[in-house]
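Results of the structural survey
Residues per chain, in single letters:
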Amino acid sequence: MIKTSYEFDQSILAAGSSLKTNILLRFRADTAKSPRRNLNLSLVIDRSGSMAGAPLHHALKAAESVVDQLEPDDILSVVVYDDEVNSVVPPQSVTNKAALKNSIRKVRAGGITNLSGGWLKGCEHVKTRLDPQKINRVLLLTDGHANMGIQDPKILTATSGQKAEEGIITTTLGFAQGFNEDLLIGMARAATGNFYFIQSIDEATEVFSIELDSLRAVVGQNLKVTLELADGVSLVDTLSLAKVSQNDASQAVITLGELYEGEDKLLGLSLGISSARVGELPLMKLHYSADVVQNDLIQSVSGTVDVVTKVGTVEEAAFAATSHIILELSRLTIAKAKETGLNLAEHGKHQEAEQTLRALVKDLRDKGLNENFEIAEEIDQLEYFAGRIAQKALGNAGRKEMRDQTYQTMTRNRNDLVGRGVTAGDEVYAMPIVNEVGSGVELYCVREGGKLRVKVMSEGYDSTKNIQFPRAIRAEGARYVVEGLELSSEHTFYRVRGNITRFAQPGETDIFVAPRQSHPTNTGKASKGPASAADLSTTDSVGNSILVQCVKDGSKLRARVVSDGYEPDWNMRFPRSVREEGILYVVDEVKTAPDGKSYIACGEIKRFVQPTTN
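This report concerns the structure included in the present document. (Residues numbered from 1 in each chain as written. Predicted model: local features only at pLDDT ≥ 70, side-chain atom pairs only at ≥ 80, totals over all residues. Heavy atoms only, no water.)

The next subject is the sheet that holds strand 9 (residues 195-198). One open sheet accounts for six strands, arranged 6-5-4-7-8-9; its pairing is mixed. Looking at the sheet topology across the chains shown, the edges are occupied by strand 6 (85-93) and strand 9. Adjacent strand axes in the sheet meet at a mean angle of 15° when their direction is disregarded. Both strand 7 (residues 135-142) and strand 8 (residues 169-175) contribute to a ladder of six bridges, which runs parallel. Pairing of Leu 140 across the sheet is with Thr 172, part of strand 8. Helix 5 (residues 181-191) rests against strand 7, strand 8 and strand 9 of the sheet, and its axis sits at about 160° to strand 8. Contacts from helix 6 (residues 204-216) reach strand 4 (39-46), strand 7, strand 8 and strand 9, with the element oriented near 165° to strand 9. (Pairing = 2+ DSSP bridges. Helix = DSSP H or I, 4+ residues; strand = E, 2+ residues; numbered from the N terminus. Axes fitted to C-alpha atoms, helices over the stretch in contact; angles between N-to-C directions. Contact = heavy atoms within 4.5 Å.)

As structure tokens, this is what we get:
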């Protein structure tokens, strides 16, 4: 069965007209602890040119870690894709882990990105072993945009939803900064799967483990909630990223997807009430249904809950204790504000977007919610994003962080997924610098579980406590000196007091002396090659250079750009002496030729060598 409960942000409403209330609904599969469900899993990994070097290295290591965590009764397949799609591990039981990992280690970077081809092959593999008693899942990892095969996000998103109806759920993982977050989030939402933003390439194994933990904990699927609102009650907003549709009776139907063992599925609603008298006021009948594990089998369950609120006098409402649930509703409200602010900014309404975020900051502080560390952290995030939007400088990294934070808060109820962000604020480079701590307090910024946290280093303070610190000047590895620290009202975390300076240890290299940006050498001169490709120097990283591959085009050997952001089918002026089919090259610069439909390789050429995963 499914346990349901609900709470309001105001325990008693004041009688009157045109009222508004917020409600938090909880759903949890109430099942006896059952054996772990077996997995039918396909890993689909982007090995296109933009993944070359450290990204692919860490992705493959993460794939190996998945193998280590699977059991003999699990089914695994591994698909890799660039312009071609290859099944390096066809669907099979996980009985020979050494052989599976050896197949994964042989993967090398390739050409351009046929995301649709790779993903559909993964779906095909899962379908061949489809079992309703198993968790049937495709994990799609990419760092770039689809530039071959089916590229239309609407088609890919709709197809993801269709595959889910067949029982094949897709989880998407965006790697680094080049992927299309709207596409990956759209596919995950349509499939009621999960989405992860792997911000730092060495997080890949950790994020894969989080997803595997989630899959092991699935005890219910296809949770749907139908709202039968009472007369005079309207649905103002849904604090969730769940799919919302309408049935034949014009009632809202909300698809919430999977239920996880020990984890509440949350749904926040804002309701409008035309009028209310003192007493109990029925607001809605809530109908739910899901497929839940019972007696080691998947069984359909359903039920109905009557949602009722209390209405009192103005005095009773004023003195009624506000429910503790306001904290959880605030987290959902914050996520919704980030989504709204980002949408406004992307439509050119930067001032309105900034005001939306700053107004919420003021409201949270007025309610005293900044005394809760998680909300205090969110306030810092909101102020950071508001400032970046006001300057029209949110950037790619900021946009991805906002989208990820919104998604995780409004779809999952896990502290290790919300509020993630490891991108350094530009302001850290412009901070005043000191070379000694003096009478101040030394702090240090670290990355913990995808979050930037600030810790105290000076003696006399509790080093286990977190510190509320401006998000704009957080940067992993940075040290700071502040005038002092003060405890929050409940003594659970510290706040910074006085001025903040950045601390540079005398004699040590200051990695924040200037923005760490490097650019390819813009020689403007066409590249010249040695006698053969074997005479080229080698590199195992791409950095800010451009990746090129030689491919067969009929009887000719062509050089094509495989880095994201370039036309993948344009020819290139490239030294013939070093052309070899399938080899990857790193060049300093790629210019558009005078004809406007081809490229010229410029500067030094190196042969790319993929680092091994051993």
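Still to come is the rest of the account.
Okay, helix 10 (residues 373-390) next. With 18 residues, helix 10 should reach 26 Å at 1.5 Å per residue; the first-to-last C-alpha distance of 26 Å fits that figure. For helix 10, the capping residue at the N-terminal end is Asn 372, with a side-chain oxygen 3.0 Å from the backbone nitrogen of Glu 374. Lys 392 lies just past helix 10 and shows a positive phi near 55°. (Expected span 1.5 Å × (residues − 1). Polar contact = N/O pair within 3.5 Å; in protein donor to acceptor, adjacent residues only side chain to side chain.)

This next bit is on the pattern of salt bridges. The tally for this structure, following the rule as stated, stands at 40 salt bridges. With a shortest N-O distance of 3.3 Å, Glu 203 and Arg 420 are connected by a salt bridge. Of this pair, Glu 203 sits in the loop between strand 9 and helix 6 while Arg 420 sits in the loop between helix 11 (395-411) and strand 17 (433-434), placing them 217 residues apart in sequence. This pair shows no difference in class: Glu 203 is buried, exactly as Arg 420 is. One connected set of salt bridges, linked through shared partners, spans Glu 181, Asp 182, Glu 346, Arg 399, Lys 400 and Arg 403. (Salt bridge = Lys/Arg side-chain N within 4 Å of Asp/Glu carboxyl O. Buried < 20%, exposed > 50% of the residue type's maximum accessible area, 1.4 Å probe, protein only.)

Quick look at the nonpolar core now. Generally speaking, a soluble globular protein has its nonpolar side chains buried in company with each other. Counting residues in each nonpolar core, the largest one holds 47 residues, and the members touching the most others are Leu 41, Leu 43, Leu 76 and Leu 141. Here this core gets seven residues from one element, more than from any other, and that element is helix 1 (residues 54-69). Beyond its immediate stretch of four places on either side in the chain, Leu 76 contacts Leu 41, Leu 43, Val 67, Leu 70, Val 89, Pro 90, Pro 91, Gln 92, Val 94 and Leu 100. Judged by nonpolar contacts, the second largest core, of 34 residues, contains Val 219, Leu 227, Ala 252 and Leu 269. (Core = buried A, V, L, I, M, F, W, Y, C linked by side-chain atoms within 4.5 Å.)

Moving on: unusual backbone geometry. Its identity is not glycine, yet Ser 18 carries a phi of approximately 55°, on the positive side. Relative to the assigned elements, Ser 18 resides in strand 3 (residues 16-29).

Moving on, we come to the environment of Glu 354. Mapped onto the elements, Glu 354 comes out in helix 9 (residues 350-366). Beyond its immediate sequence surroundings of up to four residues, Glu 354 is in contact with Ala 386, Ile 389 and Ala 390.

One can describe the packing of helix 3 (residues 115-128) onto helix 4 (residues 153-165) by two numbers: an axis separation of 12 Å at closest approach and a directional angle of 0°. Viewed along their axes, helix 3 and helix 4 adopt a mutual orientation that is roughly parallel. Residues Leu 115, Ser 116, Trp 119, Leu 120 and Cys 123 of helix 3 pack against Leu 156, Thr 159, Ser 160 and Lys 163 of helix 4. The class makeup of the residues in the contact of helix 3 with helix 4 is five nonpolar, three polar and one charged. (Parallel < 35°, antiparallel > 145°, perpendicular 65-115°, else oblique. Nonpolar A, V, L, I, M, F, W, Y, C, P; charged D, E, K, R; others polar.)

Time to look at the pairing of strand 14 (residues 265-276). It is a general feature of regular strands that their side chains alternate between the two faces of the sheet. Here strand 14 lies mainly inside the structure; 10 of its 12 residues are buried. In terms of strand pairing, strand 3 meets strand 14 through 11 bridges, oriented antiparallel. Paired with Leu 25 across the two strands is Leu 267, which belongs to strand 14. Here strand 11 (residues 233-239) runs beside strand 14; their pairing, made up of six bridges, is antiparallel. Across the sheet, residue Val 233 finds its bridge partner in strand 14, namely Ile 273.

Right, let's talk about the pairing of strand 16 (residues 297-312) for a bit. Bridge count for strand 2 (residues 12-14) against strand 16 is three bridges, and the pairing is parallel. Opposite Leu 13, over in strand 16, you have Val 311 as the bridge partner. As paired strands, strand 15 (residues 279-294) and strand 16 are joined by 15 bridges and run antiparallel to one another. Its bridge partner lying in strand 16, Tyr 288 is registered against Gly 303. Adjacent in sequence and paired antiparallel, strand 15 and strand 16 are bridged by two residues, among which Asn 295 carries a positive phi angle near 55°.

Time to look at the sheet that holds strand 11. The four strands lie next to each other as 1-3-14-11, forming an open sheet whose pairing is antiparallel. Strand pairing shows two members of the sheet lacking a second neighbour, strand 1 (2-8) and strand 11, which therefore form its edges. On average, each strand axis in the sheet is tilted by 25° relative to the strand beside it, whichever way the strands run.

The next subject is the packing of helix 1 against helix 6. Helix 6 packs onto helix 1 with a crossing angle of 35° between their chain directions and a minimal axis gap of 8 Å. Regarding helix 1 and helix 6, the two cross each other, and that crossing is right-handed. Every residue of helix 6 that contacts helix 1 at His 58, Lys 61, Ala 62, Ser 65, Val 66 and Gln 69 is listed here: Ala 204, Thr 205, Phe 208, Ser 209, Leu 212 and Arg 216. (Left-handed = near helix turned anticlockwise from the far one by under 90°.)

Okay, the packing of aromatic side chains next. By the definition in use, this model includes 11 aromatic pairs. Both rings, one in Trp 570 and one in Tyr 599, keep their centres 4.8 Å apart while their planes meet at 40°; by these two values the pair is tilted. A residue pair is termed long-range when its members are at least 10 positions apart, and Trp 570 in the loop between strand 25 (556-561) and strand 26 (572-573) and Tyr 599 in strand 28 (residues 599-608) qualify at 29 residues. Each ring, one from Phe 574 and one from Tyr 585, has its centre 5.0 Å from the other, and the planes form 65°; the classification is edge-to-face. Here Phe 574 is found in the loop between strand 26 and strand 27 (584-592), whereas its partner Tyr 585 is found in strand 27, with 11 residues between them in sequence. Residue Phe 574 is classed as buried on the basis of its relative accessible area of 4%. Cluster of aromatic residues (ring-pair linked, three or more members): Phe 179, Phe 195, Phe 197 and Tyr 407. (Phe/Tyr/Trp six-rings, centres within 6.5 Å; stacked < 30°, edge-to-face > 60°.)

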